[in-house]
Structures are given as structure tokens and as C-alpha cells.
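Residue strings, one per chain:
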Amino acid sequence: SPTQVRRRRRVLLAFAGNLLLVGATSLALAVLGKSLLHAWLGKEVSGTASRVLLPVIVGSAMLGMNVTATYALFALGHVRIVTWVNLAGGAVMLVLMAYLTPRMGAYGLAMARISYGAVTLLLYWPLMRSLHQAPEASTAMAIKPAWEEL
């Protein structure tokens, strides 16, 4: 239907903008991060902090990329899916933190945080399913989609 085509186009446009923003900021941090840490924290502290910089950037980028899926699913009325996926991601992260921190220190914490971002990227699966099913087949439309009011 024309409404579904517009909906898919809007989500794709939001995804592209999000990818551009997250990609550009992540690249800038990857390139300039060590220099910024050095200027901000000094030589001694920045050496230790720079070891965890890449996993922190990757984890943050993954979390940043779930923004489109999260808000699109909210707009489609799929609040429970977003909630459960975020709870699952948090649980996986906490288990990995408990396991990795004693073995790897701050680096282990940063690596565990990546798992949260990876789990939340799974939100794109129900989003794609929702965007490609017939409008009357959706059972989660308890909330009127925001774009119907536009």
C-alpha cells in the first residue's frame, strides 16, 4: 500500500541519517580520540585510557545505531519488543561484566558493553518484519502510528 511504502521510505531515510551521523562521529573519535584524551587527561592517564577507547567507540556506535529501530518500533506500537530486547541486552552485558572485569579490568568492561549494543541491533529484525507485513496483520497496533497524524 502507499502508506507502507512511505513508512518504509521514512524509516530507511532515518536509518541512513543515523548511519551517517554515527559513522562520522565514530570515525572522528577513532582518528582524534587518543589526541583528545592526551590533551584532556595528560600523558600518563591517556595511555591507560586509550587502551579502552576502541571498544568504547564500537559499543557506543552499536548503541547509536539502534536508535532508528527503537523509535520506529515505538511509533509502530511495539513497545514490549523494545523493552524485552533492552532488558536482554542489559542482562548479557551484566553477566559479561561480572566475568570479564576480574580478568581484564576496564578493558573487560568496555568489551562487555559491546554485547549490549550487539543485542539491541536485533531490534532491526522485528522492525523489518513489521514494515513488510500487511497493515491489518499487525497485532501490536495498540498505539496509532505517529506518521498517520502527519
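Here the structure is shown first, and the text comes after it.
Computed from a prediction, not measured in an experiment: that's the story for all the values here. (Residues numbered from 1 in each chain as written. Predicted model: local features only at pLDDT ≥ 70, side-chain atom pairs only at ≥ 80, totals over all residues. Heavy atoms only, no water.)

Caption draft 1: Representation of the packing of aromatic side chains in the model. Under the defined criterion, the tally for this structure stands at 2 aromatic pairs. Plain terms: the ring middles of Phe15 and Tyr124 are 5.5 Å apart, the flat faces sit at 85° to each other, and that makes the pair edge-to-face. With a gap of 109 residues between them, Phe15 in helix 1 (residues 2-41) and Tyr124 in helix 5 (residues 124-131) connect regions that are remote in the sequence. With relative accessibility at 27%, the residue Phe15 sits in the partly exposed group. Each ring, one from Tyr71 and one from Phe74, has its centre 5.6 Å from the other, and the planes form 80°; the classification is edge-to-face. On the criterion of helical spacing, the pair formed by Tyr71 and Phe74 is a turn pair, its members being 3 residues apart in helix 2 (residues 43-75). Positioned above the aromatic ring of Tyr99 is the side chain of Arg103, whose terminal nitrogen or guanidinium carbon lies 3.8 Å from the ring centre. (Phe/Tyr/Trp six-rings, centres within 6.5 Å; stacked < 30°, edge-to-face > 60°. Helix = DSSP H or I, 4+ residues; strand = E, 2+ residues; numbered from the N terminus. Buried < 20%, exposed > 50% of the residue type's maximum accessible area, 1.4 Å probe, protein only. Lys NZ or Arg CZ within 6 Å of the ring centre and 35° of its normal.)

Caption draft 2: Up close: the environment of Val85. Residue position: Val85 is located in helix 3 (residues 79-104). A sequence separation of 35 residues divides Val85 from Thr120, and the C-alpha atoms of the two residues are 6.1 Å apart. If sequence neighbours within four positions are ignored, Val85 has contacts with Val119, Thr120 and Leu123. (Contact = heavy atoms within 4.5 Å.)

Caption draft 3: Fine view of the packing of helix 2 against helix 4 (residues 106-120). Put simply, helix 2 and helix 4 touch, their axes get as near as 8 Å, and they point 15° apart. Accordingly, the angle class assigned to the pair helix 2 and helix 4 is roughly parallel. The chirality of how helix 2 crosses helix 4 is left-handed. Facing Arg51, Val52, Pro55, Val56, Val58, Gly59, Ser60, Met62, Leu63 and Asn66 of helix 2, the residues of helix 4 in contact are Ala106, Tyr107, Ala110, Met111, Arg113, Ile114, Tyr116, Gly117, Ala118 and Thr120. The residue makeup of the contact of helix 2 with helix 4, split by class, is 13 nonpolar, 5 polar and 2 charged. (Axes fitted to C-alpha atoms, helices over the stretch in contact; angles between N-to-C directions. Parallel < 35°, antiparallel > 145°, perpendicular 65-115°, else oblique. Left-handed = near helix turned anticlockwise from the far one by under 90°. Nonpolar A, V, L, I, M, F, W, Y, C, P; charged D, E, K, R; others polar.)

Caption draft 4: Summary view of the nonpolar core. Within the largest apolar cluster, 12 residues are counted, these being Val11, Ala69, Ala72, Leu73, Leu76, Val82, Val85, Val119, Leu123, Tyr124, Leu127 and Leu131. Taken together, the elements giving at least two residues each to this core come down to helix 2, helix 3 and helix 5. Setting aside residues no more than four positions away along its own chain, Leu73 makes contact with His78, Val79, Val82, Leu123, Pro126 and Leu127. (Core = buried A, V, L, I, M, F, W, Y, C linked by side-chain atoms within 4.5 Å.)

Purely geometric stuff here, so don't read any function into it on its own.
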